[in-house]
Amino acid sequence: MKCTAVLLILVGIPVSNCLISLSDVGDIISFAHEVVIDVLQAWKLVKPFVEGEGPEHIDLPILKDKEKKLLSKISQVSRRMEQVDKLVQSATSASMLNLKQDIPTQIRLELRIDTLLELISMMNFADNKFREYTDVGEDDNRTIASGLERHTLESFATYVVSHSPNSVQGILDRLHSMIYPDRDQGHAFLHTGILQLIRQVLQEGENSLCHVQQSPHQIIYNLYNSLQMTQLKGYAMMQFSWMLLRVYGKGNFTLESELMRERYLERMAEQAISLKEALSNADAAYWRCDPKHHVEGETYAQLTRLLQGYIQNEVDLNSQQTCRENCGYYQVTKQHGCYENNFCARQRGCNGDIVECQYIDSDMWVCQADPTLSRRRYDWIEFENGRVLGNKRSCHRTSKVDSWWRWLFWHCSYCFCICDDATNSDRYFSLRNVLSSTDSNKVITGVRFVKMHGVVHIQIQEGILQRYGHIDETSISWQPVDNFRTRNAIEDKDYMKMTYYKRAIDLDDLKAPPEHVITGIKFRRVGGHLNLEIRATPINFTSGELIEPGRKDLWISNDNTDGAPIKPRTRLKLDSPDNPLNSLSPSKIDSENDQYLQFTYSDIDLDAAQTTVPYLDTQMVSPQPPVPLSGIGVYHKGVRWFGGFVGLKVFTYNYGDHIEDSFTELNGIDSVN
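Residues numbered from 1 in each chain as written. Predicted model: local features only at pLDDT ≥ 70, side-chain atom pairs only at ≥ 80, totals over all residues. Heavy atoms only, no water.

(A) Layout of the overall build of the chain. Along the backbone of the chain there are 12 helices and 32 strands. When the 673 residues of the chain are sorted by exposure, 57% land in the buried category. Partitioning the intrachain contacts of the chain with sequence separation of at least 6 by distance along the chain shows that 72% fall at a separation of at least 24. When the accessible surface of the chain is totalled, it reaches about 29200 Å², and 49% of it is carbon and sulfur. (Helix = DSSP H or I, 4+ residues; strand = E, 2+ residues; numbered from the N terminus. Buried < 20%, exposed > 50% of the residue type's maximum accessible area, 1.4 Å probe, protein only. Contact = heavy atoms within 4.5 Å. Areas by Shrake-Rupley, 256 points an atom, 1.4 Å probe, with all protein chains shown as cover.)

(B) Expanded view of the state of the cysteines. In the structure shown here, the tally under the stated rule is seven disulfides. Linked covalently through their sulfurs, Cys-323 and Cys-412 form a disulfide whose S-S length is 1.9 Å. Negative torsions about the S-S bond denote left-handed disulfides, and the value of about 100 degrees found for Cys-323 with Cys-412 makes this one right-handed. Of the two residues, Cys-323 sits in the loop between β3 (308–313) and β4 (332–333) while Cys-412 sits in strand β11 (residues 410–412), which places them 89 residues apart along the sequence. Accessibility classification places Cys-323 together with Cys-412 in one group, the buried group. Covalently, Cys-350 is tied to Cys-419 through a disulfide, its sulfur atoms 2.1 Å apart. Taking the sign of the S-S torsion, 95 degrees for the link of Cys-350 and Cys-419, the bridge is right-handed. One end of the pair, Cys-350, is in the loop between β4 and β5 (353–358); the other, Cys-419, is in strand β12 (residues 414–420), with 69 residues separating them in the sequence. (Disulfide = S-S within 2.5 Å.)

(C) Structural view of the sheet that holds β5. Spatially, the four strands line up as an open sheet ordered β3-β12-β5-β4, and their pairing is antiparallel. At either margin of the open sheet sits one strand with a lone partner, and together these are β3 and β4. Where β4 lies against β5, two bridges are found, and the strand directions are antiparallel. Each bridged residue has a counterpart across the sheet, and for Thr-333 the counterpart in β5 is Ile-354. (Pairing = 2+ DSSP bridges.)

(D) Summary view of the packing of aromatic side chains. A full pass over the atoms with the stated rule returns 20 aromatic pairs. Between Phe-449 and Phe-523 the ring centres are 6.4 Å apart and the planes differ by 10 degrees, which places this aromatic pair in the stacked class. Of this pair, Phe-449 sits in strand β15 (residues 442–452) while Phe-523 sits in strand β21 (residues 516–526), and the two are 74 residues apart along the sequence. Given a relative accessible area of 2%, Phe-449 falls into the buried group. Looking at Phe-523, the relative accessible area reads 2%, which means it is buried. Ring-pair connections join several aromatic residues into one group, and the members of that group are Tyr-221, Tyr-468, Phe-541, Tyr-653 and Tyr-655. The ring centre of Trp-555 lies 4.9 Å from the NZ or CZ of Lys-522, which sits over that ring. For Lys-637, the ring lying beneath its charged end belongs to Phe-645, and the centroid distance is 5.8 Å. (Phe/Tyr/Trp six-rings, centres within 6.5 Å; stacked < 30°, edge-to-face > 60°. Lys NZ or Arg CZ within 6 Å of the ring centre and 35° of its normal.)

(E) Here's a closer look at the packing of helix α10 (residues 216–247) against helix α11 (residues 254–280). Viewed as axis vectors pointing N to C, α10 and α11 meet at an angle of 180 degrees, and their least axial separation amounts to 11 Å. As judged from the angle between their axes, α10 and α11 are roughly antiparallel. Across from His-217, Ile-220, Tyr-221, Tyr-224, Gln-228, Gln-231, Leu-232, Tyr-235, Met-238, Gln-239, Trp-242 and Arg-246 in α10, the residues of α11 making contact are Thr-254, Glu-256, Ser-257, Met-260, Arg-261, Tyr-264, Met-268, Gln-271, Ala-272, Leu-275, Ala-278 and Leu-279. Partitioned by chemical class, the residues of the contact of α10 with α11 number 14 nonpolar, seven polar and three charged. (Axes fitted to C-alpha atoms, helices over the stretch in contact; angles between N-to-C directions. Parallel < 35°, antiparallel > 145°, perpendicular 65-115°, else oblique. Nonpolar A, V, L, I, M, F, W, Y, C, P; charged D, E, K, R; others polar.)

(F) Representation of the pairing of strand β32 (residues 645–652) within the structure. Judged by how many residues are buried, β32 sits mostly within the fold: eight of eight residues are covered. Both faces of β32 are covered, namely the face carrying Phe-645, Gly-647, Lys-649 and Phe-651 and the face carrying Val-646, Leu-648, Val-650 and Thr-652. In the sheet, strand β1 (residues 285–286) pairs with β32 via two bridges, with the strands oriented antiparallel. Across the sheet, residue Ala-285 finds its bridge partner in β32, namely Phe-651. Pairing between strand β30 (residues 615–617) and β32: two bridges, direction parallel. For Leu-616, the partnering residue across the bridge sits in β32 and is Val-646. Bridge count between strand β31 (residues 629–638) and β32: eight bridges; the pairing is antiparallel. Paired with Gly-631 across the two strands is Phe-651, which belongs to β32.

(G) Structural view of the confidence of the model for the chain. Mean pLDDT over the chain works out to 85, with 80% of the residues at or above the 70 mark. Counting contacts from residues 1–22, a segment whose pLDDT is below 50, to residues more than four positions away or on other chains yields 47 contacts. Between residues 185–190, whose pLDDT stays under 50, and residues either more than four places distant or in other chains, the model counts seven contacts. (pLDDT = per-residue confidence, 0-100.)

(H) Main features of the sheet that holds strand β7 (residues 378–383). If you walk across this open sheet you meet the four strands as β8-β7-β6-β9, and the pairing is antiparallel. Edge positions in the sheet fall to β8 (388–390) and β9 (397–402), since each has one partner strand and no second. For this sheet the average axis-to-axis angle between neighbouring strands, irrespective of direction, equals 15 degrees.

(I) Main features of the pairing of strand β22 (residues 529–540). Burial analysis of β22 places 11 of its 12 residues in the buried class, the great majority of the element. Direction of pairing for strand β19 (residues 504–507) relative to β22: parallel, over a ladder of two bridges. Within β22, the position partnered with Ile-505 by the bridge is Leu-530. Between β21 and β22, which pair antiparallel one after the other, the connecting turn spans two residues, and Gly-527 there sits at a positive phi close to 65 degrees. Taken together, the four bridges between β22 and strand β24 (residues 554–557) define a ladder with antiparallel strand orientation. In the sheet register, Ala-536 faces β24, and the bridge partner there is Leu-554. Relative to strand β23 (residues 545–546), β22 runs antiparallel, the two sharing two bridges. Along β23, the bridge assignment pairs Asn-540 with Glu-545. In textbook terms, the turn of a hairpin is the stretch between consecutive antiparallel strands, and for β22 and β23 this stretch comprises four residues, one of which, Gly-544, has a positive phi near 80 degrees.

(J) Spatial organisation of the pattern of salt bridges. Under the defined criterion, the tally for this structure stands at 30 salt bridges. Among the salt bridges present, the one from Asp-575 reaches Lys-573, with a minimum N-O distance of 3.9 Å. Residue Lys-637 pairs with Asp-617 through a salt bridge whose shortest N-O separation is 2.6 Å. Taken together, the residues span a long stretch of sequence, with Lys-637 in strand β31 and Asp-617 in strand β30 at a distance of 20 residues. (Salt bridge = Lys/Arg side-chain N within 4 Å of Asp/Glu carboxyl O.)

(K) Inspection of unusual backbone geometry at higher detail. Geometrically, the link from Val-613 to Pro-614 is a cis peptide bond, its omega value of 0 degrees lying close to zero. For Pro-614, the location among the structural elements is in the loop between β29 (612–613) and β30. Going from Gln-624 to Pro-625, the amide bond is cis rather than trans, its omega being 0 degrees. Locating Pro-625 in the fold gives a position in the loop between β30 and β31. For Ala-609, which is not glycine, the phi torsion reads 55 degrees and is therefore positive. Inspection of the secondary structure assignment puts Ala-609 in the loop between α12 (604–607) and β29. Classification of Ala-609 by relative accessible area gives buried; the value is 0%.

Shown next, in the form of structure tokens:
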């Protein structure tokens with residue numbers, strides 16, 4: 001049985017055995033409402049202690065009974081808050097510590113993250129001590145407080161409500177000033193709350209948050225939830241402390257309680273406004289930075305032998321076996337033979353198109369790669385004029401290759417060309433739909449590239465959507481890839497085959513309308529381009545249910561092309577790209593929405609055009625904790641003069657659309673005092 005609300009506490013049902021999640025208690029604002037109301041109800045227990053009827057006028061057994069009931073109520077509410085707090089802190093604590101690693105020291109000091117963490121720690125310490133002192137067993141007979149002196153509880157309660165900056169009341173004041181600073185103060189820095197400052201720093205930064213598996217939008221929202229729980233603890237401690245002090249005859253505290261409630265609700269309303277402002281401009285994108293170490297099959301995958309440098313003599317590039325032209329003449333041709341079994345007989349031939357031939361020098365030494373260890377044809381090529389293609393080092397097998405004269409007029413030159421040969425080449429992208437199990441209310445929570453049998457797939461992570469946009473973490477799983485081989489599938493229906501003429505991938509950020517989540521994704525072919533599509537399904541945010549999946553789904557794409565008459569799609573050109581694994585600098589996103597790039601060969605001088613670039617980033621793109629997604633994109637990241645990586649990014653759900661100032665409504669509730 002789930003714990004559905006604080007109502008269970010009010011009617012006396014124990015909560016410790018209930019399995020709860022954030023979806024059970026709703027969002028933090030709703031939970032705060034429940035606690036505020038519950039605290040108001042608790043004041044009924046101490047209502048008899050009004051002026052003229054203090055503890056000195058009540059028999060000791062009755063006084064002890066009132067104390068016991070109050071401690072029991074405190075213990076029940078504290079356990080309830082502890083359960084929710086664990087869920088909230090798990091989403092925030094790691095990201096806050098990791099956030100310090102990504103923000104430069106001077107910015108981190110300016111943001112006062114250390115101070116914020118210290119205040120949260122102080123509040124948690126006070127809350128732990130408070131729960132320890134007031135803990136009541138579930139049989140309502142065991143209480144740690146029963147063995148404590150009255151002075152212990154009384155002095156702690158006095159500390160909680162004191163005006164010291166390190167008291168619970170002081171911590172609440174300091175936290176609020178960090179989130180929603182007084183606009184009348186003279187320091188300009190204080191005019192911006194910490195949520196806005198974090199958003200500004202993240203927006204101005206050149207790189208992603210590499211240590212935090214959350215989008216900036218998600219970081220701010222989770223931090224807000226954590227701060228709400230921290231302040232809710234303080235509010236409950238102060239209210240219960242006044243109740244205890246009232247039971248002990250230290251005063252009435254009715255006015256203090258009412259003023260505190262009004263101030264707390266006013267502050268929460270102000271902070272909700274601050275959150276909404278921060279979220280409205282916060283980036284919801286999450287993508288993966290380069291790993292510390294690249295591992296093929298784990299962090300990246302390659303298209304192999306799509307376009308590769310290839311040496312061939314002119315005599316074999318035409319059906320007449322003549323040498324009447326020059327290398328530049330052969331921009332699109334094929335291999336027509338192997339004249340007199342020269343060098344062509346000692347290397348793997350090109351069974352596809354041969355393009356972009358050029359003349360470099362007549363004679364050369366060619367270091368052929370070991371075919372059992374490498375996908376390359378050549379490790380390096382050194383021409384007689386001193387030019388070297390690739391990185392010259394020890395060689396598996398070196399061949400001397402010399403051009404020759406036919407008769408006195410024709411020079412049969414060796415040309416350096418590009419081979420487009422599908423034999424033993426990984427160059428395929430799946431075009432099949434990848435859909436979450438909407439019949440089980442599952443949505444996509446993560447994506448990644450996977451290459452199997454030479455075919456690149458998009459794999460999805462899915463989880464069950466719950467109330468208020470939460471995801472059931474126990475339901476999270478990666479959906480198996482729809483694995484197939486191209487010989488058993490239909491080209492341009494099941495897969496797209498990349499060639500010299502069809503090798504572009506569109507770079508787009510696709511986003512769903514408000515109150516929609518992503519439940520499907522696929523690639524499609526648009527001309528010679530690989531183009532992304534996503535499926536969005538509407539949701540009931542409060543109930544967490546998908547609305548008529550299958551009927552109200554929307555497939556979203558960017559249909560713009562590079563041939564459009566108005567604002568055509570622009571090309572992201574890779575300049576002389578080397579193997580991206582050779583870069584010593586971390587990759588940065590250098591693409592924009594509505595662009596495209598072409599898979600191509602690596603730089604001729606640096607790598608002898610032996611590698612297909614860019615690579616594919618295959619790291620998991622799944623925010624932690626998991627959240628529903630409002631969009632997915634394809635982007636390129638890299639460093640100039642290197643091929644870089646094509647990756648997937650996700651956009652986390654926009655919770656800002658559901659933030660409302662509903663705290664002030666609670667001020668209309670009559671006091672029970």
